[in-house]
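Reading the structure
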Amino acid sequence: MTSFRFVRALLIAILLVGAPVAAMAQAPQPQPPQQEGFVPVDQLPGQEALPAAPLVAAAYGVAWAAVLIYLFSIWKRLGTVERELTEVTRRLESGGRR
Amino acid sequence: MHKSFPVLLVLTIGLFAYAPFAIINAPYEATMGLVQKIFYFHVPTAITMFVAAFTCGIASAIFLFTSRRGADRVGFAAAEITVLLGLIVLVSGPLWARKAWGVWWQWDARLTSTLVMWLVFQAYLLLRRFGGPGSEKLSAAVAMFGAALVPFVYWSVNLWRTVHPTTNVIPTLAPSMRTPFLWCLAAFMCLFVLLIAARVELEKRRTRLDDLYLALED
């Protein structure tokens, strides 16, 4: 019985101490301040270059790829319509039906 | 196609060819470093997306009230370009945010409203594709709502507290950063005009093809 009380007291103590700690751990982190302007610098800090480079490359890569794929799709669609126009015009001139 | 198209094409290629050099020569930003260079494509794309959305909304309003086929063609072309540019904005933004904020995405007002606007123009394209007869008018109404979202997206960073940089960034840019930014903006504006011209031409030819098919049936 004594050991049961001890375990119960221990559990309550853990709960009382642990709950605020857990709540503090889960509390929303303060958001970084909103930026009002960009300040240029001459030299890039050494640790900056490596992690940011793939992100910059990916951003520019996606932009170029999206534009080029879209241009290609317009070119393909124009080609298809042009072929159909030629075909239908030929049929009309020969007086045929579809 | 219009006579000025080749001139515009050469100009656009020239602007985009020099853009990487302008961006590389631009100074690094003090707090963000290298990743800030995404800004030179991200923001001009976003501004051009706003212009495309406005073009689509105005052309759609003209089509709704006057039934001009030319306005519908411009609206359709602009909607497609809005979705294309929106995709670039929504991909390049999180790539910058991963380094600047430590997360890919934040459900803040600017990011969420941009995503909603992009989805509205996606809805426009889906309506045009699967809406059946009469979908032109319905999608034109959707486009007007999409264009109405543009001021909200733009002002969202000032109206609500967000982690996204404010609209104050562009007017206060250092001259060494302003020049490459304006260069890229000019490149994207030229690209927009070029894409609109090409896309409208495609729609014109499709209309001519439909007319020819009708003539063939008669």
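Residues numbered from 1 in each chain as written. Chains lettered and ligands numbered in written order. Predicted model: local features only at pLDDT ≥ 70, side-chain atom pairs only at ≥ 80, totals over all residues.

**Points about the overall build of chain A**
Selection criterion: The numbering of helices and of strands both runs from the N terminus, where a helix is a DSSP run of H or I of at least 4 residues and a strand a run of E of at least 2. Exposure classes come from backbone-placed C-beta atoms, where a residue is buried if 20 or more other C-beta atoms lie within 10 Å of its own, exposed if 12 or fewer do, and partly exposed in between.
For chain A, the count of helices and strands is 2 helices and 1 strand. In chain A, the order of α-helices and β-strands from amino to carboxyl end is α-β-α. Each of the 98 residues in chain A was classed as buried or not, and the buried ones make up 8%.

**A few points about the interface of chain B and chain A**
Quick note on the threshold: Residue pairs are scored as contacts if the distance between their C-beta atoms, which are placed from the backbone, is within 7 Å. Three residue categories are used. Nonpolar comprises Ala, Val, Leu, Ile, Met, Phe, Trp, Tyr, Cys and Pro, charged comprises Asp, Glu, Lys and Arg, and polar comprises the others, including Gly. Only strands that DSSP links by at least two bridges are regarded as paired with each other.
If you look at the interface, chain B gives 45 residues, while chain A gives 41 residues. At the level of secondary structure, the elements contributing two or more residues to the side of chain B that touches chain A comprise strand S1 (28-29), helix H2 (39-66), helix H3 (69-100) and helix H6 (175-217) of chain B. Take the side of chain B that touches chain A: its biggest share by element is 14 residues, from H6(B). In terms of residue class, the side of chain B that touches chain A is made up of 28 nonpolar, 9 polar and 8 charged. Pairing between strand S1 (residues 40-41) of chain A and S1(B): 2 bridges, direction antiparallel. Counted as the bridge partner of Pro40(A) is Glu29(B) from S1(B).

**Some points on the packing of H3(B) against H6(B)**
All names here are of chain B. Short version of the rule: Angles shown run from 0 to 180 degrees and are taken between the N-to-C directions of axes, each axis being a line fitted to C-alpha atoms and, for helices, limited to the stretch in contact. With respect to orientation, any angle under 35 degrees is reported as roughly parallel, any angle over 145 as roughly antiparallel, any angle of 65 to 115 as roughly perpendicular, and every other angle as oblique. By convention the crossing between two helices is left-handed if the near helix lies anticlockwise of the far one by an angle smaller than a right angle, and right-handed if it lies clockwise.
Where H3 meets H6, the axes come as close as 9 Å, and the angle between the chain directions of the two elements is 130 degrees. Considering the angle they form, H3 stands oblique to H6. Our pair here, H3 against H6, has a crossing hand that is right-handed. Where H3 abuts H6, its residues Arg-69, Arg-73, Val-74, Phe-76, Ala-77, Ala-78, Glu-80 and Ile-81 lie against Phe-192, Leu-195, Ile-196, Arg-199, Val-200, Glu-203, Lys-204 and Thr-207.

**Considerations on the confidence of the model for chain B**
This is how the line gets drawn: Predictor confidence is given residue by residue as pLDDT, running from a minimum of 0 to a maximum of 100.
Per-residue pLDDT for chain B averages 93, and the proportion of residues at 70 or more is 100%. Two summary scores accompany this predicted model of the complex, namely pTM at 0.82 and ipTM at 0.90.

**What about the packing of H3(B) against helix H4 (residues 109-130) of chain B?**
All names here are of chain B. H4 packs onto H3 with a crossing angle of 145 degrees between their chain directions and a minimal axis gap of 9 Å. As H3 runs across H4, the sense of the crossing is left-handed. Residues Phe-76, Ala-79, Glu-80, Thr-82, Val-83, Gly-86, Val-89, Leu-90 and Gly-93 of H3 lie in contact with H4, whose contacting residues are Leu-111, Thr-114, Leu-115, Trp-118, Phe-121, Gln-122, Tyr-124, Leu-125 and Arg-128.

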